[in-house]
Protein chains: 2
Amino acid sequence: MSAEIICVGTELLLGDILNSNAQFLAQQLASMGIPHYYQTVVGDNPGRLKQVLEIAAGRSHLLIFTGGLGPTPDDLTVEAIADFFGVPLVEQPEIVEDITCKYAMRGRQMTPSNRKQALIPQDASILPNPGGTAPGIIWQPRTGLTILTFPGVPSEMKRMWQETAVPFLKNQGWGKEIIYSRMLKFWGIAESALAEKVAPFLDLPNPTVAPYALHGEVRLRVSARAASEPEAVGLIEPVAQQLRQIGGLDYYGTDTDTLASVVGFLLQEAGETLSVAESCTGGGLGQMLTSVAGSSNYFLGGVISYDNSVKISLLGVNPEDLAQVGAVSDAVAKQMAVGVKTRLSTTWGLSITGIAGPGGGTETKPVGLVYIGLAGPDDTVESFKHQLGQNRERDSIRYASASIALDQLRRTMLKKKLTADVS
Amino acid sequence: MSAEIICVGTELLLGDILNSNAQFLAQQLASMGIPHYYQTVVGDNPGRLKQVLEIAAGRSHLLIFTGGLGPTPDDLTVEAIADFFGVPLVEQPEIVEDITCKYAMRGRQMTPSNRKQALIPQDASILPNPGGTAPGIIWQPRTGLTILTFPGVPSEMKRMWQETAVPFLKNQGWGKEIIYSRMLKFWGIAESALAEKVAPFLDLPNPTVAPYALHGEVRLRVSARAASEPEAVGLIEPVAQQLRQIGGLDYYGTDTDTLASVVGFLLQEAGETLSVAESCTGGGLGQMLTSVAGSSNYFLGGVISYDNSVKISLLGVNPEDLAQVGAVSDAVAKQMAVGVKTRLSTTWGLSITGIAGPGGGTETKPVGLVYIGLAGPDDTVESFKHQLGQNRERDSIRYASASIALDQLRRTMLKKKLTADVS
């Protein structure tokens, strides 16, 4: 017993709008544990709509339509469905009444074209639309096949889904199980490498484990099918625990955690403070840190030393080093980190200097070369060299640089914590 | 001759991600005048993927696949396609080489599972992926049917589409009539207000003019249908010119222009320099400015004075003012701007201090209250107060604050330029 989502609308084929209805319905079906294997988008064309309906009716048991319920001539979803099953449309007085009254409330007259919205297949029931004038239908044209139609307007569709469709489906025996997921997040390891480390888990039946790569981070999605959320969590946690252990320091957080929020948590926990000195990221690192509400508890600020003159005047970087080894170097990264830490009197000073491109790369210092400087307690200072690859876009290199800097601080603080715990 | 979009990925069926790839490709096909009537989403399942392929190959002539090209076992798009047409997969040494080299550049080892990405159907050609390790294919498994595959990662897919797929398709005779668009961008005017100002243009047949609102900026898309790009531009430009005039100072740029790039252009043109002092945006303004390649020609850097101690130590803000009128005030905004301009010796100093929320708001200073400070040539300094509304998200307030600051500098520089021109 599986469902299928069919979104009707030429505007989708023209790319004028994002298909957020499909995502909402997909999430809803997943959370109810109703399997769905296909989504289709088709334009406002009766012939093609019927072809899509024929295919869907042949492979799925619950067809969920969105779009094409309006008053204009190109709204023909219900017409086409009824026509496909050879069932006549009948005008529903209660719909006419409902539309008339809704128009009256807006001080408007119901037009003849609105009457069209009152036509539904003979033996179908009305799926009420409290938020608009176009109702949907709930129809079983034959045993083992249920059809639900919704307008394309997301707010109306969502309310109709929640208030009428969900209770109806549960009552029909759909969605006895739920699917609950946890997203484990990793930084500093390639998707393929992590997938190999956790290979045996990728074949688990329940919970399932699936890897994703996103902007240089890798995620493992652990999903369990169960009768209730607590039961699902009970299935997920033991597996998640093992995956976290395998991930080791590459694992940084779960679900809504970000590198910035995790670093913030560690700083707050340790009662320590942070300042930053940014060259190629131009403020991106500070922006990531301050995107976390409450970051003022541990983040004091920093210096955007885009130009070398600023590295010298506000961070005290040695002009001779800039002249001899250049701004993108181990020495300058360290001096930037120490400089900002000292001037802002914070526990940690984190710096980034690199070549974001597209210009500025050389034989010895290609685009994508980045140095991270980290000055810590007891006057320790380290620097880390990264080569992010020359074919990456400027923004991607800048985003990765800021993320790597946060990850470096995270790892250093965690290692410090671990040694502190054992000693 | 029609195209069809097939997006492969269980994450789409689970609603984990929004199908933005389908929208991008739909817009691209529309702009090239290539008709497409169906979009399908299917999971990482070879059997169902082949069923979808069979249906699509029966009704469309150009099949565009996204997703399922990665190194993990659940990435099986190319395998399934080759299997459907009964053609063996062959390892391409040049792909192996490319992947090995990309990994080496990031200081990583290519793993056996990556080798999988080097397998493509015997007689298919490689669709290069400059941004990642998973290449796509261009394949004509039989006359009248062309298959293109792309990875699911939007940035990689878009670049491959632009750099290789579009030229290939044009060369194959697709997209004879084109739709060409210009996007005019406005800041500081509401969508409804602009729509009223340009009302007569909204009914034009060719070019068409359509308004959009996006993150506080308003856009007018001027689209022409024509046989060639020059012909389309000829239709668009006269209309665009009139729209720019109507927009006045609210019009800031076209197509790829951003507030940051326009400000950069004005600064470079005037041979002037800029520095920034940021509180609530925490580096976001500097990041916007440095997202423009070549910004080092006019942007020297700045200070992220998130904590008041930094406003005092690095910007010379008067501690008594901080105590009396508070950090979010006219006086402090001005002192921040002057402070950073003086210390970095730039022509302009631009500052932001505000309450991004969700916490920190008061009766007199609610969330969304922002002051922009602007210190200019001949020791002029102004400040601008904005109330961005209390129900906006933290990130939205921060983004708007940085944009407003850039817009303020843009308007001030333009007015200065205009008076200079007339005098």
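Conventions adopted
- Residues numbered from 1 in each chain as written.
- Chains lettered and ligands numbered in written order.
- Predicted model: local features only at pLDDT ≥ 70, side-chain atom pairs only at ≥ 80, totals over all residues.
- Heavy atoms only, no water.
- Helix = DSSP H or I, 4+ residues; strand = E, 2+ residues; numbered from the N terminus.
- 1 Å grid on protein atoms, 1.4 Å probe; cavity = no way out; pocket = protein on both sides within 12 Å on 5 of 7 lines; lining within 4 Å.
- Points joined across faces, edges and corners; volume = space filled by probe spheres on them.
- Domains from an automatic or database assignment.
- Contact = heavy atoms within 4.5 Å.
- Buried area = accessible area lost by both parts, 1.4 Å probe.
- Salt bridge = Lys/Arg side-chain N within 4 Å of Asp/Glu carboxyl O.
- Polar contact = N/O pair within 3.5 Å; in protein donor to acceptor, adjacent residues only side chain to side chain.
- Nonpolar A, V, L, I, M, F, W, Y, C, P; charged D, E, K, R; others polar.
- Pairing = 2+ DSSP bridges.

Another aspect to go through is unusual backbone geometry. Excluding glycine, a negative phi dihedral is what most residues carry, and trans is how most peptide bonds are arranged. Here the residue pair N206 of chain A and P207 of chain A is connected by a cis peptide bond, since its omega of 5° sits within 30 degrees of zero. As for its position among the elements, P207 of chain A is in the loop between α8 (191–197) and β10 (208–214). Omega for the peptide link from G357 of chain B to P358 of chain B comes to 0°, which places this bond in the cis form. Positionally, P358 of chain B belongs in the loop between β15 (348–354) and β16 (369–375). Here the phi dihedral of S345 of chain B falls at roughly 40°; this positive angle occurs in a residue that is not glycine. With respect to the secondary-structure elements, S345 of chain B resides in the loop between α14 (330–343) and β15.

Our next topic: the layout of surface pockets. Taken as a whole, the second largest pocket spans an internal volume of roughly 1,800 Å³. Taken together, 49 residues make up the lining of the second largest pocket; nearest its centre are Q27, Q28, S31, S181 and R221 of chain B. Looking at the lining of the second largest pocket, the elements that each hand over two or more residues are α1 (10–13) of chain A together with α2 (20–31), β2 (36–42), α7 (154–171), β9 (178–187), β10 (208–214) and β11 (217–226) of chain B. It is α2 of chain B that provides the largest number of residues to the lining of the second largest pocket, a total of nine residues.

Below, the discussion takes up the domain arrangement of chain A. Residue and element names in this part refer to chain A. Under the domain assignment used here, chain A contains domain 1 (3–171), domain 2 (178–254) and domain 3 (259–422). Summarising the inter-unit geometry, the C-alpha centres of domain 2 and domain 3 are found 30 Å apart. Counting residues at the interface gives seven residues for domain 2, matched by eleven residues for domain 3. Of the roughly 810 Å² buried between domain 2 and domain 3, counting both surfaces, carbon and sulfur atoms make up 66%. Area buried by domain 2 at its contact with domain 3 is led by W187, L249 and Y252, which between them contribute 81% of it. Applying the counting rule to domain 2 against domain 3 returns one salt bridge. With a shortest N-O distance of 2.6 Å, D250 and R411 are connected by a salt bridge. Applying the counting criterion to the domain 2 and domain 3 interface returns four residue pairs in polar contact (both at pLDDT 80 or more). Here the residues of the side of domain 2 that touches domain 3 are counted per class, giving four nonpolar, two polar and one charged.

Contact with chain A, which involves 75 residues of that partner, is made by 74 residues of chain B. Across the chain A to chain B interface the summed buried area is about 5,800 Å²; carbon plus sulfur atoms make up 56%. Taken as a group, L13, L18 and I304 of chain A account for 10% of the area that chain A buries against chain B, more than any other trio of residues on that side. At the boundary of chain A and chain B, one finds three salt bridges. Here D16 of chain B makes a salt bridge to R221 of chain A, at a shortest N to O gap of 2.4 Å. Seen at the junction of chain A and chain B, the total is 33 residue pairs in polar contact (both at pLDDT 80 or more). Of all the elements, strand β2 (residues 36–42) of chain A adds the most residues to the side of chain A that touches chain B, at seven residues. Sheet topology places strand β14 (residues 299–304) of chain A next to strand β14 (residues 299–304) of chain B; three bridges connect them, and they run antiparallel.

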